[in-house]
Amino acid sequence: MEDYGVVVTGVSGRMGQMLARQVVAHERLHLCGALERTGHPWVGQDLGLAMGGAALGVMVSDDPLEAFARAHAVIDFTVPAATVAFAELAAQARVVHVIGTTGLSDDDLHKIALAARHSVVVRAGNMSLGVNLLTTVTRQVAAALDADWDIEIVEAHHNQKVDAPSGTALMLGEAAAEGRGVALADVSDRGRDGITGARKRGDIGFHAIRGGDIVGEHEVIFAAAGERIVLKHIASDRTLFARGALKAVLWGQGKGPGEYDMLDVLGLK
Ligand SMILES: NC(=O)c1ccc[n+]([C@@H]2O[C@H](COP(=O)([O-])OP(=O)(O)OC[C@H]3O[C@@H](n4cnc5c(N)ncnc54)[C@H](O)[C@@H]3O)[C@@H](O)[C@H]2O)c1
Ligand SMILES: O=C(O)C1=N[C@H](C(=O)O)CCC1
């Protein structure tokens, strides 16, 4: 069986370290590069030693061009500006780019779509099987109910998360809007505060809780007169996101250029 070289970006991060460990442990993948931002103290060090364990023989670098040239895939859970730059370089190197980064603007997404004309991009705000299944259920429930049912999405994450609503909440919101046959941008109502007036019929509300070490929790609430449906996903371990990303690396090998998501990878479309 073929073995694939993977570069992990943002390798000192919460997800980066998890991803690097899982790639190293995988039977069909090997870690061929580890990237951090220029000036990060880990750059120039052996990754294993930097993570507090045994040497891995992989040096942390800040040179994506050189790293991508040796790779089959890059797994990227970093920040939007870095992800856009990596998308352009991954397209030049024709490597599979698995993107978990959230908080991407419309302009970032446009640039990633341009890069995906030349390379395979798999992007999802959440790489877990459970959340991706939940998006399909949310779409179905929203399609079955009319706007007498108010849709509210509540998410909770750790106190270091920098973007809101979470990528997952936006995926769930998109699924609900699609089920309703409306554009999310037209009905999205984020984080109410003050004298907001009564809820507008048909809106989809978003609310973000930040605290402690919460890995990720999402609720989609359908509320009508006298009854409520609540769909909920709880992530208690980041390895589930990493497992999805590794699946995407293998799935993307040999695929034609284009932008894909985890529903493609998991066969849920
Ligand atoms: N899609 C999913 O399933 C999923 C799951 C978890 C987290 N995320 C997302 O992944 C991203 C990272 O999350 P985290 O908790 O690991 O954050 P983190 O802050 O712990 O890690 C981000 C890392 O990226 C590094 N970085 C920044 N700029 C860089 C550059 N130019 N080159 C290389 N590295 C760079 C930072 O130094 C840092 O180590 C966030 O957007 C988060 O929302 C997505
Ligand atoms: O820890 C994070 O940050 C997470 N980000 C993703 C999101 O924005 O939905 C997935 C869950 C964890």
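Residues numbered from 1 in each chain as written. Chains lettered and ligands numbered in written order. Predicted model: local features only at pLDDT ≥ 70, side-chain atom pairs only at ≥ 80, totals over all residues. Heavy atoms only, no water.

Draft legend 1. Inspection of the pairing of strand E1 (residues 4-8) at higher detail. Most of E1 is tucked away: five of the five residues are buried. Here E1 shows a buried face lined by Tyr4, Val6 and Val8 and a second buried face lined by Gly5 and Val7. Here E1 runs beside strand E2 (residues 29-35); their pairing, made up of five bridges, is parallel. Within E2, the residue paired with Val6 across the bridge is Leu31. (Buried < 20%, exposed > 50% of the residue type's maximum accessible area, 1.4 Å probe, protein only. Helix = DSSP H or I, 4+ residues; strand = E, 2+ residues; numbered from the N terminus. Pairing = 2+ DSSP bridges.)

Draft legend 2. Quick peek at the site of ligand 2. Taken together, Thr102, Gly125, Asn126, His157, His158, Lys161, Ser166, Gly167, Thr168, Val215 and Phe241 make up the full set of residues near ligand 2. At a separation of 3.4 Å, an oxygen atom of ligand 2 approaches a polar backbone atom of Gly125. One of the side-chain nitrogen or oxygen atoms of Thr168 is found 2.5 Å away from an oxygen atom of ligand 2. Its free accessible area being 310 Å², ligand 2 has 86% of it covered by the protein chains. Taken atom by atom, the bulk of ligand 2 overlaps the largest pocket. (Near = heavy atom within 4 Å. Polar contact = N/O pair within 3.5 Å; in protein donor to acceptor, adjacent residues only side chain to side chain. Areas by Shrake-Rupley, 256 points an atom, 1.4 Å probe, with all protein chains shown as cover. 1 Å grid on protein atoms, 1.4 Å probe; cavity = no way out; pocket = protein on both sides within 12 Å on 5 of 7 lines; lining within 4 Å. Sits in = over half its atoms within 2 Å of the grid points.)

Draft legend 3. The arrangement of helix H4 (residues 80-93) in detail. With 14 residues, H4 extends 20 Å between its outermost C-alpha atoms, agreeing within 8% with the 20 Å of an ideal straight helix rising 1.5 Å per residue. Turning to H4, its buried residues number three or more, namely Thr83, Val84, Phe86, Ala87, Leu89, Ala90 and Ala91. On its buried face, H4 sits against E2, helix H3 (64-69), strand E4 (73-76), strand E5 (96-99) and helix H5 (106-115). Looking one or two places after H4, you find Arg94, whose phi comes out positive at around 60 degrees. (Expected span 1.5 Å × (residues − 1). Contact = heavy atoms within 4.5 Å.)

Draft legend 4. Representation of the UniProt feature "binding site: (S)-2,3,4,5-tetrahydrodipicolinate" (unreviewed entry) in the protein chain. Those places that UniProt annotates as "binding site: (S)-2,3,4,5-tetrahydrodipicolinate" (unreviewed entry) correspond, in this numbering, to His158, Gly167 and Thr168. Here, the largest pocket is lined by His158, Gly167 and Thr168 out of the annotated residues. Within the secondary structure, His158 is located in the loop between strand E7 (150-157) and helix H7 (167-180). Among the residues examined, His158 registers a relative accessible area of 11% and is labelled buried. A polar side-chain atom of His158 sits 3.3 Å from the main-chain amide nitrogen of Lys161. Along the chain, Gly167 falls in helix H7. With residues up to four places along the chain from it excluded, the contact list for Gly167 reads Thr102 and Gly125. (UniProt positions renumbered as here; feature names shortened; annotations may be inferred.)

Draft legend 5. Spotlight on the layout of surface pockets. If you add up the space inside the largest pocket, you get close to 960 Å³. Surrounding the largest pocket, 42 residues form its lining, Arg14, Met15, Phe77, Thr78 and Thr102 being those nearest its centre. Of all elements in the fold, only helix H1 (14-25), H4, H7, strand E10 (216-224) and strand E11 (227-235) reach the threshold of two or more residues within the lining of the largest pocket. Across the lining of the largest pocket, the residue classes tally to 15 nonpolar, 21 polar and six charged. Looking at the second largest pocket, its volume works out to about 770 Å³. Looking at the second largest pocket, it is lined by 28 residues, and the ones nearest its centre are Arg123, Gly167, Leu170, Met171 and Glu174. Mapped onto the lining of the second largest pocket, the elements with two or more residues apiece are H5, helix H6 (129-144), H7, helix H8 (184-187), strand E8 (188-190), strand E12 (258-260) and helix H10 (262-266). Looking at the lining of the second largest pocket element by element, the count peaks at six residues for H7. For the lining of the second largest pocket, the class distribution of residues is ten nonpolar, eight polar and ten charged. (Points joined across faces, edges and corners; volume = space filled by probe spheres on them. Nonpolar A, V, L, I, M, F, W, Y, C, P; charged D, E, K, R; others polar.)

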